[in-house]
Amino acid sequence: MSDFLGIHGTALALREKRLQLLAANIANADTPHYQAQDLDFTTALRSALQPGSNATGPGGGDAIQQAAASAQYLRPASQPSLDGNTVDGDRENASYAQAVVEYRASLSFIESKVRSMLTAITGQ
């Protein structure tokens, strides 16, 4: 089944991880000393799809987790904060909105693949 979905299944899982990080940033906007985090999607996807990473085979979730963890980074503050928090609310909201659009695009690719498979199975 993973061969059928290609990279889209892995991409969807990594996009979900990025959304979780961005949501945590927004939730901790007022937490003193909280450091905003993000995920370099391209690096994570490349790492998860490397031969031998087993991201698309059995136990692929572990490879996706490892790829996401290795591509995670602390985002520097755009404005100094007295309490040491590096979250910029406007920037986080914009990043989250963009990440949602990217997640929906990946989901649409998977949905299209599944529809074409169902059409082939039912013969309609």
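Note that the structure is a prediction, hence the values are computed from the model and not measured.

Asker: Mind showing me how you'd approach the pattern of salt bridges here?
Answerer: When the charged atoms of two side chains lie near each other, side chains of opposite charge can form a pair. Considering all chains together, one arrives at 7 salt bridges under this definition. Where arginine 115 meets glutamate 111, a salt bridge forms, and the shortest distance between an N and an O atom there is 3.1 Å. Of the two residues, arginine 115 and glutamate 111 are both situated in helix H5 (residues 89-122); the distance of 4 residues between them amounts to about one turn of the helix. Given the relative accessible area of 54%, arginine 115 is considered exposed. Salt bridges linked by common partners bring Arg15, Arg18, Asp38, Arg75, Glu92 and Glu102 together as one network.

Asker: Where do I start with the packing of helix H2 (residues 8-27) against helix H3 (residues 41-48) in this structure?
Answerer: Contact geometry of H2 with H3 gives a least axis separation of 10 Å together with a crossing angle of 135 degrees. Considering the angle they form, H2 stands oblique to H3. With respect to the hand of their crossing, H2 and H3 are arranged in right-handed fashion. Residue-level contacts link Thr10, Ala11, Leu14 and Arg15 of H2 to Phe41, Ala44, Leu45 and Ala48 of H3.

Asker: Looking at this model, I keep getting lost on the packing of aromatic side chains. Mind explaining?
Answerer: Describing an aromatic ring pair means giving the distance of the ring centres and the angle of the ring planes. Per the stated rule, a full pass over the model turns up 0 aromatic pairs. Sitting over the ring of phenylalanine 41, arginine 15 keeps its end group 3.9 Å from the ring centre.

Asker: Looking at this structure, how should I read the nonpolar core?
Answerer: Nonpolar side chains in soluble globular proteins tend to end up buried together. With 12 residues, the main nonpolar core is built from Ala11, Leu14, Leu21, Leu39, Phe41, Ala44, Leu45, Ala48, Ile64, Ala67, Ala68 and Ala71. Of all the secondary-structure elements, those providing two or more residues to this core are H2, H3 and helix H4 (60-71).

Asker: Any chance you could explain the environment of aspartate 90 here in plain terms?
Answerer: Checked against the element boundaries, aspartate 90 lands in helix H5. Classification of aspartate 90 as exposed rests on a relative accessible area of 65%. For the pair aspartate 90 and valine 101, spaced 11 residues apart in the sequence, the C-alpha separation amounts to 17 Å.

Asker: Mind showing me how you'd approach the side chain of threonine 86 here?
Answerer: Secondary-structure assignment places threonine 86 in the loop between strand E2 (72-74) and H5. Overall, the relative accessible area of 13% leaves threonine 86 in the buried class. A polar contact of 2.6 Å, which involves the side chain of threonine 86, links it to the backbone nitrogen of alanine 36. The residues touching threonine 86, leaving out its near neighbours within four places in the chain, are Tyr34, Gln35, Ala36, Arg75 and Ala77.

Asker: Help me out: how do you make sense of H2 in this one?
Answerer: In an α-helix, one turn spans 3.6 residues; hence positions three or four apart end up facing the same way. Here H2 contains 20 residues, and its C-alpha end-to-end distance of 28 Å stays within 8% of the 28 Å for a straight helix at 1.5 Å per residue. Restricting attention to buried positions, one finds in H2 the residues His8, Thr10, Ala11, Leu12, Leu14, Arg15, Arg18, Leu19, Leu21, Leu22 and Asn25.

What counts and what doesn't
- Residues numbered from 1 in each chain as written.
- Predicted model: local features only at pLDDT ≥ 70, side-chain atom pairs only at ≥ 80, totals over all residues.
- Heavy atoms only, no water.
- Salt bridge = Lys/Arg side-chain N within 4 Å of Asp/Glu carboxyl O.
- Helix = DSSP H or I, 4+ residues; strand = E, 2+ residues; numbered from the N terminus.
- Buried < 20%, exposed > 50% of the residue type's maximum accessible area, 1.4 Å probe, protein only.
- Axes fitted to C-alpha atoms, helices over the stretch in contact; angles between N-to-C directions.
- Parallel < 35°, antiparallel > 145°, perpendicular 65-115°, else oblique.
- Left-handed = near helix turned anticlockwise from the far one by under 90°.
- Contact = heavy atoms within 4.5 Å.
- Phe/Tyr/Trp six-rings, centres within 6.5 Å; stacked < 30°, edge-to-face > 60°.
- Lys NZ or Arg CZ within 6 Å of the ring centre and 35° of its normal.
- Core = buried A, V, L, I, M, F, W, Y, C linked by side-chain atoms within 4.5 Å.
- Polar contact = N/O pair within 3.5 Å; in protein donor to acceptor, adjacent residues only side chain to side chain.
- Expected span 1.5 Å × (residues − 1).

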